[in-house]
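Residues per chain, in single letters:
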Amino acid sequence: MTRSTRGGRRSRLGVRDIAAMIQWRGARSDAPGALASAYSIADLRAMARRTVPKPIFDFIDGGAGDEVAVRRNVERFETASLVPRVLRDVSRIDTSTHFLGSAARAPFGFAPVGMTRLAHPDGELAAVRAAARLGVPYVLSTMASSSLEAVAAAAPEADRWFQLYLWKDRAASEALIRRASALGYRALVLTVDVPVAGQRLRDARNGMTLPPSFPLRSVAGLARHPRWLARTLRSEPLGFAALDLKPGGFAEQSNAILDASTTFADLAWMRGMWTGPLVVKGILSAADAAEAVRLGADAVVVSNHGGRQLENVISTWDALGSVRAAVGDRAAVYLDGGVRSGTHIAAALAAGADAVFMGRAYVYGLMAGGEAGALRAGRMLQSGLARTMALLGAATIGDIAADMLHVPARD
Ligand SMILES: Cc1cc2nc3c(=O)[nH]c(=O)nc-3n(C[C@H](O)[C@H](O)[C@H](O)COP(=O)(O)O)c2cc1C
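Reading the values: rules and limits
Residues numbered from 1 in each chain as written. Predicted model: local features only at pLDDT ≥ 70, side-chain atom pairs only at ≥ 80, totals over all residues. Helix = DSSP H or I, 4+ residues; strand = E, 2+ residues; numbered from the N terminus. Rg over C-alpha atoms; globule rule 2.2 N^0.38 Å. Buried ≥ 20, exposed ≤ 12 C-beta atoms within 10 Å, placed from the backbone. Contact = placed C-beta atoms within 7 Å. Axes fitted to C-alpha atoms, helices over the stretch in contact; angles between N-to-C directions. Parallel < 35°, antiparallel > 145°, perpendicular 65-115°, else oblique. Left-handed = near helix turned anticlockwise from the far one by under 90°. Nonpolar A, V, L, I, M, F, W, Y, C, P; charged D, E, K, R; others polar. Near = placed C-beta within 6 Å. Core = buried A, V, L, I, M, F, W, Y, C linked by C-beta atoms within 7 Å.

Caption draft 1: Spatial organisation of the overall build of the chain. Looking only at helices and strands, one finds 16 helices and 14 strands in the chain. Relative to a compact globule of 411 residues, whose C-alpha radius of gyration would be 22 Å, the chain shows 23 Å and is just as compact. With the principal axes as the frame, the chain shows a C-alpha extent of 85 × 60 × 45 Å. Counting only residues that meet the buried cut, the chain has 45% of its 411 residues in that class. Sequence-distant contacts in the chain: of pairs separated by 6 or more residues, those separated by 24 or more amount to 72%.

Dropping the structure here:
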């Protein structure tokens, strides 16, 4: 091999020259093992895909019908662009904020995700610990695979919220609410966008059941994930911790237990029973947002369940503005769906959200590397937000302003 010298002569390139060009230890990172090579949520997603069997990845990654809503949630963030302000002192960036009266180190939380032990045997326990280390809220799902008690014990210091689906059995719902309260879950999140389960075609095609059982044809596929298999076989059997359900398809299980006759009157009933902050998740219309707040909701989450329920549903980005306008400053407005970077968070805040929640982003991390992976996802969002804020000219969350967003006019 040769190299040029200043005089134009070429000399031989030695082994030592080549060795000097190689980063023998890899780029510096505090993430363990392979996670250190993940720099974006898309990288974590790719690692997740390699780590777990296809039916499990598809259950988490997929959505309703043709999945246009899943894609649109992410894509709509890209239609708005950011307008930086310059010559502002951004030598110190402070991403801290408040969620319903409690301090948090960043304006994002962990959305409720059912059955996270599918993603990694440590599931909800790993996720709540990651949220605690990040200093952000964690919402435990009714459909969780770890009990309310185990999650509380895993991270007593975390800002833990509990997400509720109203069951046909009201006494059981009420008992669950009281249990959550006694265990220190600070806020109650009522999810209202699952009157019936959405149709998830990937799950139907994969023959996905909960707890997972695999059709004979996918046994060869399982063998391609020996580490996942060994970890899963060594851990406690999977199941819903708060529910007693027969194994089966997710849609049949949800439809058996969830109450499709739930109305705003039930929200009023819950308001009377729960003294802490009450959040309504799954709001997309301004009228529904206004009614929820009139009945005493302290916050609404503009959410379409990550595109897993109604096909071709409006993206949360598109729904945010009218909900914010309807609610004004009478309640907090959060957004979830498609949040994959710190830039997305900054854009959502500039568009009127008080904070956002991430669903798949942290679950990709869990699949890729348990607690460390979920933490990696959170750190990506937090450091990405801090960098975006510096480049935008916003030293604090309060400095992120509507005029930092350029939304092209529609035809
Ligand atoms: C695998 C999976 C399971 C979910 N389970 C629940 C649940 O039990 N309760 C709930 O309110 N939302 C649930 N969601 C919706 C999330 O809370 C959140 O609205 C959604 O994931 C946000 O979109 P994102 O994944 O693009 O961030 C689930 C989402 C996923 C991906």
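Caption draft 2: A look at the packing of helix α15 (residues 342–350) against helix α16 (residues 360–392). Taken N-terminus to C-terminus, the directions of α15 and α16 make an angle of 60°; their axes are 7 Å apart at the nearest point. By the angle between their axes, α15 is oblique relative to α16. Considering the relative orientation of α15 and α16, their crossing is right-handed. Within the contact between the two elements, α15 uses G342, T343, I345 and A346 and α16 uses L381, S383, G384, L385, R387, T388, M389 and L392. For the contact of α15 with α16, a count of residues per class yields six nonpolar, five polar and one charged.

Caption draft 3: Fine view of the site of the ligand. Taken together, 23 residues lie around the ligand, and A111, G114, G306, G359 and R360 are the ones closest in. Class assignment of the residues belonging to the shell around the ligand gives a composition of eight nonpolar, 11 polar and four charged.

Caption draft 4: Structural view of the nonpolar core. Formed by 121 residues in total, the largest nonpolar core has its most connected members in V300, V302, Y334 and V356. With 15 residues, the single largest contributor to this core is α16. If we ignore the near neighbours within four places in the chain, the residues touching V356 are P107, F108, Y334, L335, D336, V339, I345 and A348.

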